[in-house]
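Coordinate analysis (summary)
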Amino acid sequence: MDAVIALLPGDGVGPEVTHGASSVLNTVAAVFGHRVRCDEYLMGGCAIDHCGDPLPAETLQACLAADAVFLGAVGGPKWSDPAASVRPEQGLLRLRREMGVFANLRPVTINRRAVSSSPLRPELLEGVDICFVRELTGGIYFGAKTREADVATDLCTYTEAEVARVVRLACTLARQRRGLVTSVDKANVLETSRLWREVAARIARDEFADVRMEHALVDSAAMQLLTNPRGYDVVVTENMFGDILTDEASVLAGSIGLLPSASLAESGPGLYEPIHGSAPDLAGRGLANPCGAILSVAMLLRHSLGLEREALAVESAVSETLAHGVLTADLAGSREDTVSTAEFAVAVAAEISGGAQGRAIA
Ligand code: IPM
Ligand code: MG
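**Thoughts on the packing of helix H6 (residues 160-175) against helix H7 (residues 191-207)**
Relative to each other, H6 and H7 sit at 45°, their axes nearing to 9 Å. Relative to H7, the element H6 lies oblique. Here H6 and H7 pass one another in a crossing that is right-handed. Listed contacts from H7 to Glu160, Val163, Ala164, Val166, Val167, Arg168 and Arg175 of H6 are Leu195, Trp196, Val199, Ala200, Arg202, Ile203 and Glu207. Class assignment for the residues of the contact of H6 with H7 results in nine nonpolar, no polar and five charged.

Here's what the structure looks like:
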């Protein structure tokens, strides 16, 4: 297959994890006989420095025309002045909106090698396998904002159609998993949440009789996520609750550096990014864990290119690499034999090539 990927390395550790991820993508393409071209574009703080716009027109056009978009991370202290009129994050939000990627899938699974990096007891983590579906193009992130001398407002709006499409996607996903969807809201307080709950319940009842839907309030879900994480299969929720709950859920996995994401539209290219931020304190030091970025490549292969076998090859190469004790600083603890961001990616690529050779011999 031929594919064009728009790469947006971004800021902080973004370029390091992006290069690790794209080298793995190139290896998969070579091993499985695909032609994948990766073109780099500016987005985020680096784009502000270059032309004053966090999402330059050239970048946006290239993203909309690509088969998929891969993003490292954006933001950093250099562009964080609250008085600044342009911020790197505005570029990301605009990109999500322009691409129409309304559903952000954030799977959380537990790798045995990372269990000791989680502050939670191992017996709580055994068998945890959650897929968050975060609504990504609506809610308070995109509502009108006002600021007067001493008053500020952020408007939160959801339409029935916005809730319905993301809930449908979550229910469809649950059918391929354990058949449970937990819809998370704050229906005891917020009107948008009461609409969310009504629509979610109706879609589940009318269209997904084979899926079990539970409703949970976000505060209680935040607690249950740590006390009974095995109680979740698919979790669907609105934009800001999803942002907060998925950072919390990364604590289950042992490091935020491990988690990938895929943001999907009705049609057209998907947007793939690790869930971690730009980690400016780690930038340029080879300390960042590229697993989340590399596993985002697996999601890209699966969801945008329809290459399931290749996606599984990347996922199993990451597990094997970790299982061999090849660990970046976030997971290595006090061990001295840590590998750098680039070395980890090289080890994953070698695992993929080696795995393919093994298959050829067999
Ligand atoms: C995320 C990030 C972004 C968000 C920021 C960088 C705007 O935290 O992808 O989770 O809040 O959506
Ligand atoms: Mg976040």
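**Brief notes about the pairing of strand S2 (residues 35-40)**
Pairing of strand S1 (residues 2-10) with S2 involves six bridges; the strand directions are parallel. Looking across to S2, one finds that Ile5 is bridged to Cys38. Assessed by its sense of winding, the connection that carries the chain from S1 through helix H1 (residues 14-32) to S2 is right-handed.

**So, the side chain of Thr59**
With respect to the helices and strands, the residue Thr59 is situated in helix H3 (residues 57-65). Its relative accessible area of 1% is what places Thr59 among the buried residues. Sequence-distant contacts of Thr59, defined by excluding residues within four places in its chain, comprise Leu8, Tyr41, Leu42 and Met43.

**Some words on the pattern of salt bridges**
Evaluated as defined, the whole model comprises 25 salt bridges. The shortest N-O distance in the salt bridge between Asp39 and Arg37 comes to 2.8 Å. In this structure Asp39 comes out as buried when scored by relative accessible area, which is 18%. Across the pair Asp129 and Arg178 runs a salt bridge whose closest N-O atoms are separated by 3.8 Å. One end of the pair, Asp129, is in strand S5 (residues 129-135); the other, Arg178, is in the loop between H6 and strand S8 (180-185), and 49 residues separate them in sequence.

**Focus: the pairing of strand S6 (residues 145-148)**
Each regular strand shows side chains that alternate between the opposite faces of the sheet. Relative to strand S7 (residues 151-154), S6 is paired through four bridges, and the arrangement is antiparallel. Its bridge partner being in S7, Thr146 is matched across the sheet by Thr153. Counted between consecutive antiparallel strands, the loop separating S6 from S7 contains two residues.

**Regarding the site of ligand 1**
Near ligand 1 you find Glu89, Arg96, Arg106, Arg134, Tyr141 and Asp243, and these make up its full shell. Here Arg134 contributes a side-chain N or O atom positioned 2.8 Å from an oxygen atom of ligand 1. Take Tyr141: an N or O atom from its side chain is 2.6 Å from an oxygen atom of ligand 1. Burial of ligand 1 by the protein chains amounts to 77% of its free accessible area of 320 Å². Tallied by class, the residues present in the shell around ligand 1 amount to one nonpolar, no polar and five charged.

Scoring rules and cut-offs
- Residues numbered from 1 in each chain as written.
- Chains lettered and ligands numbered in written order.
- Predicted model: local features only at pLDDT ≥ 70, side-chain atom pairs only at ≥ 80, totals over all residues.
- Heavy atoms only, no water.
- Axes fitted to C-alpha atoms, helices over the stretch in contact; angles between N-to-C directions.
- Helix = DSSP H or I, 4+ residues; strand = E, 2+ residues; numbered from the N terminus.
- Parallel < 35°, antiparallel > 145°, perpendicular 65-115°, else oblique.
- Left-handed = near helix turned anticlockwise from the far one by under 90°.
- Contact = heavy atoms within 4.5 Å.
- Nonpolar A, V, L, I, M, F, W, Y, C, P; charged D, E, K, R; others polar.
- Pairing = 2+ DSSP bridges.
- Right-handed = clockwise from strand over helix to strand, strands pointing away.
- Buried < 20%, exposed > 50% of the residue type's maximum accessible area, 1.4 Å probe, protein only.
- Salt bridge = Lys/Arg side-chain N within 4 Å of Asp/Glu carboxyl O.
- Near = heavy atom within 4 Å.
- Polar contact = N/O pair within 3.5 Å; in protein donor to acceptor, adjacent residues only side chain to side chain.
- Areas by Shrake-Rupley, 256 points an atom, 1.4 Å probe, with all protein chains shown as cover.

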